[in-house]
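Below, each chain spelled out in residue letters.
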Protein chains: 4
Amino acid sequence: MQLGVIGLGRMGRIVVDRVLDAGHDVVAFDLSAEATAAAAEAGAEAADSVADLYERLDGDARIWLMVPAGDAVDATLDDLEPHLTSDDVVVDGGNSYFEDSVRRAEATDAAYLDCGTSGGPAGAELGFSLMVGGPEWAYEELTPVFDAVATGPAGHDRMGAAGSGHYVKMVHNGVEYALMQAYGEGFELLHRGRYDLDLEAVARTWNNGAVIRSWLLELCEEAFREEGNDLGDVADRIEGGSTGTWTVQEALEQEVPVPLIYQALSERFDSREERFGRRLASRLRYGFGRHDVPRREE
Amino acid sequence: MQLGVIGLGRMGRIVVDRVLDAGHDVVAFDLSAEATAAAAEAGAEAADSVADLYERLDGDARIWLMVPAGDAVDATLDDLEPHLTSDDVVVDGGNSYFEDSVRRAEATDAAYLDCGTSGGPAGAELGFSLMVGGPEWAYEELTPVFDAVATGPAGHDRMGAAGSGHYVKMVHNGVEYALMQAYGEGFELLHRGRYDLDLEAVARTWNNGAVIRSWLLELCEEAFREEGNDLGDVADRIEGGSTGTWTVQEALEQEVPVPLIYQALSERFDSREERFGRRLASRLRYGFGRHDVPRREE
Amino acid sequence: MQLGVIGLGRMGRIVVDRVLDAGHDVVAFDLSAEATAAAAEAGAEAADSVADLYERLDGDARIWLMVPAGDAVDATLDDLEPHLTSDDVVVDGGNSYFEDSVRRAEATDAAYLDCGTSGGPAGAELGFSLMVGGPEWAYEELTPVFDAVATGPAGHDRMGAAGSGHYVKMVHNGVEYALMQAYGEGFELLHRGRYDLDLEAVARTWNNGAVIRSWLLELCEEAFREEGNDLGDVADRIEGGSTGTWTVQEALEQEVPVPLIYQALSERFDSREERFGRRLASRLRYGFGRHDVPRREE
Amino acid sequence: MQLGVIGLGRMGRIVVDRVLDAGHDVVAFDLSAEATAAAAEAGAEAADSVADLYERLDGDARIWLMVPAGDAVDATLDDLEPHLTSDDVVVDGGNSYFEDSVRRAEATDAAYLDCGTSGGPAGAELGFSLMVGGPEWAYEELTPVFDAVATGPAGHDRMGAAGSGHYVKMVHNGVEYALMQAYGEGFELLHRGRYDLDLEAVARTWNNGAVIRSWLLELCEEAFREEGNDLGDVADRIEGGSTGTWTVQEALEQEVPVPLIYQALSERFDSREERFGRRLASRLRYGFGRHDVPRREE
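Because the structure is predicted, anything quoted here is derived from the model rather than measured.

Quick look at the environment of valine 89 of chain C
Residues and elements named next belong to chain C.
Phase 1: As for its placement among the helices and strands, valine 89 is situated in strand S5 (residues 89-92).
Phase 2: Judged by relative accessible area, valine 89 falls into the buried class, the value being 0%.
Phase 3: In this structure, the C-alpha to C-alpha distance between valine 89 and arginine 272, residues 183 residues apart in sequence, is 41 Å.

Points about the relation of the copies chain A and chain D
Phase 1: By a simple turn and slide, chain A fits onto chain D: the slide is 0.0 Å along the axis, the RMSD is 0.0 Å, and the turn is 180°. In the structure described here, the two chain copies are related by an operation that fits a two-fold rotation axis. No C-alpha of chain A lies nearer the rotation axis than that of serine 214 of chain A, which sits 2.0 Å from it.
Phase 2: Mapped onto chain D, 100% of the interface residues of chain A again fall at the interface, so both copies present the same surface.

Details of the packing of helix H9 (residues 164-192) of chain C against helix H13 (residues 259-272) of chain C
All names here are of chain C.
Phase 1: Two elements in contact, H9 and H13, have axes whose closest approach is 8 Å; the angle formed by their N-to-C orientations is 75°. As summarised for this structure, H9 and H13 are arranged roughly perpendicular, according to the angle between their axes. Judged by residue contacts, Gly174, Val175, Tyr177, Ala178, Met180 and Gln181 of H9 engage Leu260, Ile261, Ala264, Leu265, Glu267 and Arg268 from H13.
Phase 2: Residue composition of the contact of H9 with H13, grouped by class: eight nonpolar, two polar and two charged.

Section: the UniProt feature "active site" (unreviewed entry) in chain A
Residues and elements named next belong to chain A.
Phase 1: Within this structure's numbering, the places UniProt gives as "active site" (unreviewed entry) are Lys169 and Glu176.
Phase 2: Looking at the secondary structure, you find lysine 169 in helix H9 (residues 164-192).
Phase 3: The class for lysine 169 is buried, based on a relative accessible area of 5%.
Phase 4: Ignoring anything within four residues of it in the chain, the contact list for lysine 169 reads Asn95, Gly116, Thr117, Ser118 and Met131.

Details of the pattern of salt bridges
Phase 1: Tallying each qualifying case throughout the model produces 124 salt bridges over all chains.
Phase 2: A salt bridge links aspartate 236 of chain C to arginine 278 of chain D, with the nearest nitrogen and oxygen atoms 2.9 Å apart. Highlighted residues: aspartate 236 of chain C in the loop between helix H11 (215-227) and helix H12 (242-254) and arginine 278 of chain D in helix H14 (residues 276-289), drawn from two different chains.
Phase 3: Taking relative accessible area as the criterion, aspartate 236 of chain C reaches 16% and is therefore assigned buried.
Phase 4: Across the pair arginine 278 of chain C and aspartate 270 of chain C runs a salt bridge whose closest N-O atoms are separated by 3.7 Å. The residues arginine 278 of chain C and aspartate 270 of chain C share a single accessibility class, namely buried.

Here's the deal with the sheet that holds strand S7 (residues 129-133) of chain B
Residue and element names in this part refer to chain B.
Phase 1: Reading across from one edge, S3-S2-S1-S4-S5-S6-S7-S8 is the order of the eight strands in this open sheet, with mixed pairing throughout. Single-partner strands in this sheet number two, and they are strand S3 (45-46) and strand S8 (156-160).
Phase 2: The sheet contact formed by strand S1 (residues 2-6) and strand S2 (residues 25-29) spans five bridges and is parallel. By the bridge assignment, glycine 4 is partnered in S2 with valine 27.
Phase 3: Set on the sheet, helix H1 (residues 10-21) makes contact with S1, S2, strand S4 (62-65) and strand S6 (111-118); between it and S1 the angle comes to about 165°.

Here's the deal with the interface of chain C and chain D
Phase 1: Taken together, the contact pairs 61 residues of chain C with 61 residues of chain D.
Phase 2: Taken together, both faces of the contact between chain C and chain D bury some 5,900 Å²; the carbon and sulfur share is 58%.
Phase 3: Considering only the side of chain C, the residues that lose the most area to chain D are Phe276, Arg278 and Phe288 of chain C, jointly responsible for 14% of the buried surface there.
Phase 4: Connecting chain C to chain D are 18 salt bridges.
Phase 5: Arginine 283 of chain D is the partner of glutamate 226 of chain C in a salt bridge, and the nearest nitrogen-oxygen pair spans 2.6 Å.
Phase 6: Between the two partners, chain C and chain D, sit 42 residue pairs in polar contact (both at pLDDT 80 or more).
Phase 7: For the side of chain C that touches chain D, the secondary structure elements donating two or more residues are H9, H11, H13 and helix H14 (276-289) of chain C.
Phase 8: Here the residues of the side of chain C that touches chain D sort into 22 nonpolar, 14 polar and 25 charged.

Scoring rules and cut-offs
Residues numbered from 1 in each chain as written. Chains lettered and ligands numbered in written order. Predicted model: local features only at pLDDT ≥ 70, side-chain atom pairs only at ≥ 80, totals over all residues. Heavy atoms only, no water. Helix = DSSP H or I, 4+ residues; strand = E, 2+ residues; numbered from the N terminus. Buried < 20%, exposed > 50% of the residue type's maximum accessible area, 1.4 Å probe, protein only. Least-squares fit on C-alpha atoms with pLDDT ≥ 70 in both. Contact = heavy atoms within 4.5 Å. Axes fitted to C-alpha atoms, helices over the stretch in contact; angles between N-to-C directions. Parallel < 35°, antiparallel > 145°, perpendicular 65-115°, else oblique. Nonpolar A, V, L, I, M, F, W, Y, C, P; charged D, E, K, R; others polar. UniProt positions renumbered as here; feature names shortened; annotations may be inferred. Salt bridge = Lys/Arg side-chain N within 4 Å of Asp/Glu carboxyl O. Pairing = 2+ DSSP bridges. Buried area = accessible area lost by both parts, 1.4 Å probe. Polar contact = N/O pair within 3.5 Å; in protein donor to acceptor, adjacent residues only side chain to side chain.

What follows is the structure, given as structure tokens:
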């Protein structure tokens, strides 16, 4: 089988390598000539434009996009659109918003698969979890590629109609926020609690047989091993938040309470800004009780 | 009527003044001779010890304690105990933990009234809200004093048996935490939101007829007037938390969810400490996604 | 001064009455002829269509819309638009979404004031709190009307540019949700706690001098008086939620954490639906611990 | 090596079987003669009382208690105490409160190890995760037994001084509550959201390579397989809550915010009781806005 891959960043490059390893052919393109050359060295056929990539594909095109969510996806699709036919299949493997994927699926002539991809850089060796939305025939057609990119046949599935792959990935990320914060609360309590504990040893013991064992807990173990028991100079500041925000917005629309996911998202906002509301609460304590008001230091 | 008042800090002194203003007699004592002298100047009879205060009271003793919650209450009661008879009435007007009040009521020979007091320094003019627990006869007996110290007859009531006054006050404070934080959230959103708003004007407009009008909202108005629209140098740090902690502990025991009160209490803890759990979550984002980890600056 | 009022439901009718009481003239119209007739009996001049109402106004038109938020506002504006000039002023006193108000202000030839109105039916006697957005001259022009409809001059203010009135009202309602739930938590703890309490007496005592006194707390007092200490047959189900949802959505966009408002909104959703997530959690307890799983009864 | 095991319920019996399988000797006792006989059939030596068990142990006693947390532990220790010497080692493998373990460790003449045990019935095959507190020499001494009962050497560790094993297990359970609820929120949103999804397939896809893969997520997969995509007749009611309550109480004492764990615990309380506070909030909506109040049906 032959696959075109557009976007050769960390994740796109893993797709290229896993598909090549599985014995398939890859035509690769990235806006960075360097990244394209590196993929060529790894065994892919280099293309020097989106149009060139399309031309180099034999028969019906099967193309995997791994470009940043947002405008880059639309720009790439604009370049592809003049060439695409209804027998072609385009996979968006990035973190696109599901409503964008629905819109794009409707707009293109090709069959469009939105593919939520989870697993991060560790997926290079293990393979990813792939949540796919879109036409069934296109999903079937791409199965060899999904087998190669995922952990295997169990690591990918068709969720449903257009958008459902990115929808399930969005919810996955919302849950991810909450899980991270849940472990964070546990380790913070252990860190500030009554015993002087080796948190790496705690995580390792839990990872071997405890109910809460998980891959994220293995990453906690790794974090304590690499950063130290007090996490060294890691700051109290969590970046990111877009997929969590989407999850909460969708939950609001569906009237589904997601207080843990909301709280985990709020912690990110909280970690990045002074809180005006708390400053007001502090001042109110003076208002009704003449309690001292802590002031900013010069 | 004649009342002994022990403890002449800001709150105790307001009790003295309001009882005097209502035409009653006061015998006053404080560990600070200065505070005692000041009360004497205001019209009270000065005592130079707890024992002396007790002796100066005619007939059955009616004594109001306004000393800091905790050991100071027990120490004062220890001094009083040798003198007390079952016809005497002792009022604890401080912020004692309700189980301490139950214990003290059982331990003393006198009738013991636990009296939750709310209203802060503003009570000097308006009078307080008094939530009283303990024997009905003692509550009736003290009615003239309660009328004077409270905003009037509607400002005090007997809640129930021993401890109930401080119990209701504890819950009052839990609600107070949540109300402060709720207003804080609203004003924070207005402060950081789409319009450049005069928050004092917002608070004033709300205080005149809006559903959320309240005394705390009047204090918000005052805070913006006195500190400025951006709250000047008020720090993002809220002190205190004991009565809120008691409220949550009791709610846990009763299996009553109080998520808003809990959250408001957590904001206080949060404002006072770097969060280890968030630092871990930030590091985990590197673990699974190779996202940059913000580091503390030197 | 002369005011046209379109929409004569409970709230619109209060506007008519208060403006008449203040000595102004009112031309009134409602889709229900009955409602229009009732306003006429109260002293207003009846109009039998939007166009007719516009014609009956002398000089530059000053028109107050009090129709349900959403399509009804647009429909009314469509009827008005052919007549409006840049010297006319239209006030939307309903609960419109602020972005709709911005859009409408841009679309109309008239000066457009978005006016958040708070106070409910009680405003009939007390007057409302009015948060107004839009051009300053139009706000000044309508001052006599705002004085009459509000609690007085302190009960209304211009918040800022178009949309700011409904924006501030939206946040007001978010805070309102949280305040209601905060009092709810306190009274639930008292209801299920250690003492057998008269909750109306608690509310009354708090309303007289306590820090948490407020109009909503007066309504709690009224609720216990009218429904009984256990709230009789009031169900555990809270309707509504749109303005709270808007508030949380806007807070997400501004990255402002509003956990209390979110929680209060979630309680509404929660009260209306069985929770699938809790059913899953219950089943997981069997999965890892062989705990009995409660099953629905037939 | 020879181990006495007291308490032969599901968990105690797994301990017996795994220790026997590892080639050690077991003397077993349970208040139920039947349970003791079953253990004897499996290869253990039966004892007919605590005293008899102690006598049957050669040399220094090594005894594993697997009885319900609380009074049963104290009762068993009372029976053992007359026989114990400072060379004996007692392990409490149950879910005891850590402060009870500290107290018991101080009270007994023997070396006392508190051992948090996680993994549930699945541990029969895989082995458990064991978090051990107490004297180092005793932990070293019992290593062969811990190797057998745990998943292997990586599945047990000494956390620290007396109580630390049960302390870490308590926090483990708090995190467990939050993780369960986090997955619950995600699947509830998928269940009530825009797509008609096969939740077992979602869970399986996630378990193969996704960031949020975990043992609890495998149990979700199993739950959907066994109960159906809508969880059949599983009720919206979560039992239990004691270890979560302990975790929150300890976090309050340490002033560590644990909002996700608190929320997950609250969901349990919430699922078991009608909410008075929500009934009040519903009634307040009538108070200020004349909104209809839902009433209980007859």
